[in-house]
Amino acid sequence: MRIRILGSGAGGGFPQWNCNCANCRAVRARAPGFTPRTQSSLAVSADGANWVLLNASPDLREQIAAAPALAPAEGDPVRASPIKAVALTNGDVDHVAGLLNLREAQPFSVYAADRVLQALAANPIFTILQAQLVPRNELHMDEATPLTGAGVDLGLSVRAFPVPGKIALYLEDQNAPNFGTSAGDTLGLEVIETKTGKSFFYIPGCAKIDASLANRLRGAALVFFDGTLFHENEMIEQGLMGKTGSRMGHVNMSGEDGSMAGFAPLDVARKIYVHINNSNPVLDANSTQRAAVQAAGWEVGADGMEVTL
Ligand code: MLT
Ligand code: MN
Ligand code: ZN
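Right, let's walk through the structure included here. Quick caveat, the model's predicted, so the values are computed rather than measured.

A few words now on the side chain of Ser-57. By the element assignment, Ser-57 lies in the loop between β3 (51–54) and α2 (60–65). Residue class for Ser-57 comes out buried when judged on its relative accessible area of 0%. Polar side-chain contacts of Ser-57 include one of 3.3 Å to the side chain of Gln-63.

Structure representation (structure tokens):
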């Protein structure tokens, strides 16, 4: 199974268009140790020819352009794409807006939880993906769903499961508990290769490593995990936004309840941070925070990085 990080950044990317924080200034200036990042997405293939995207970011056009395997192959018909399916972990803008890049009457399948399918259905702009060409399939929790698209069996299935999180920002209800969030608003995905049974986890948004998630991940071969913030208060401290990590539905890397501590006893063979916000000090390859996550056995995901499982 081949896995490519299309985008390792969080919503906004790195640098973010309107951000003048120290990290964004440094990456714009091409300072040593800083690498630009597009928004949050992976691509996965069992056969190297047919691919599923895990989330579709607003940067999808440039992500496809940077990945030769995602271009039409020589000898393909005049309109063709190796992208046969898209599976979504939530309804956030950074994870669904890229569906609009996949218009132009190309068949593929969309997979998402009912709550996310409802959010798409409520936005008429997505009808540009005609229903007869782009079927929308519900992911049922804890069931392995075989992925097919455009008449092709991808040789992969996904098992979706709810993780602690938050409803998409544009759907928040200020008067409801946890802003109207319910189960299915934030998913983790386990992607399983049919032929070998090998699997990995993709969890780009997660508010807490609870016992259920810890049990699921224990002993995993590979996990791509929410690396939004290093510290709970880093966005407030940098004057960027008055929200903590918890308020945004993202667990932090550091601290007692953070992902480094949460994963420490889980015996995960390879763990890679993705969905890294531009405020995160690990984006500086020479920072003490980068050294700390590496010492804890983590890799910091980068655009174009590929893993074979
Ligand atoms: C998030 O990951 O918290 C969202 O992408 C925020 C947003 O929609 O801007
Ligand atoms: Mn996001
Ligand atoms: Zn910034």
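Here we take up the packing of aromatic side chains. Tallying each qualifying case throughout the model produces six aromatic pairs. Where Phe-225 meets Phe-263, the ring centres are 4.9 Å apart and the plane angle is 65°; that geometry is what we call edge-to-face. Of this pair, Phe-225 sits in strand β11 (residues 223–226) while Phe-263 sits in helix α8 (residues 259–263); the two residues are 38 residues apart in sequence, bridging distant segments of the chain. Phe-263 matches Phe-225 in its accessibility class, with the two residues each being buried. With 4.8 Å between their ring centres and 70° between their planes, Phe-263 and Trp-298 make a pair best called edge-to-face. You can see Phe-263 sitting in helix α8 and its partner Trp-298 sitting in strand β13 (residues 298–300), a full 35 residues away along the chain. Pairwise contacts between aromatic rings join Phe-225, Phe-263, Tyr-273 and Trp-298 into one cluster. Lying over the aromatic face of Phe-161, Arg-216 brings its terminal NZ or CZ to 4.0 Å of the ring centre. Positioned over the ring face of Phe-179 is Arg-247, at 3.8 Å from the centre of the ring.

Before going further, it helps to examine the coordination of the manganese ion (ligand 2). Coordination sphere of the manganese ion (ligand 2), protein contribution only: Asp-94 (OD) and His-275 (NE2), at 2.1 to 2.2 Å. A residue pair is termed long-range when its members are at least 10 positions apart, and Asp-94 in helix α3 (residues 93–96) and His-275 in the loop between β12 (271–274) and α9 (288–295) qualify at 181 residues. His-275 shares its class with Asp-94; the two are buried.

Let's shift gears to the coordination of the zinc ion (ligand 3). Protein-derived ligands of the zinc ion (ligand 3) are Cys-19 (SG), Cys-21 (SG), Cys-24 (SG) and Asn-278 (OD1), with the metal-ligand distances lying across 2.3 to 2.5 Å. In this structure, the zinc ion (ligand 3) is surrounded by four donor atoms whose angles at the metal cover 102 to 117°, and the resulting shape is tetrahedral. Spacing between the donor residues of the zinc ion (ligand 3) along the chain follows C-x1-C-x2-C-x253-N. One end of the pair, Cys-21, is in the loop between β1 (2–7) and α1 (22–28); the other, Asn-278, is in the loop between β12 and α9, and 257 residues separate them in sequence. You can call Asn-278 buried: its relative accessible area is 2%.

Here is what the cut-offs are and how they apply
Residues numbered from 1 in each chain as written. Chains lettered and ligands numbered in written order. Predicted model: local features only at pLDDT ≥ 70, side-chain atom pairs only at ≥ 80, totals over all residues. Heavy atoms only, no water. Helix = DSSP H or I, 4+ residues; strand = E, 2+ residues; numbered from the N terminus. Buried < 20%, exposed > 50% of the residue type's maximum accessible area, 1.4 Å probe, protein only. Polar contact = N/O pair within 3.5 Å; in protein donor to acceptor, adjacent residues only side chain to side chain. Phe/Tyr/Trp six-rings, centres within 6.5 Å; stacked < 30°, edge-to-face > 60°. Lys NZ or Arg CZ within 6 Å of the ring centre and 35° of its normal. Donors = N, O, S within 2.8 Å, 3.2 Å for Na, K, Ca; no water. Tetrahedral: all angles 85-135°; square planar, octahedral: opposite > 155°, others 65-115°.

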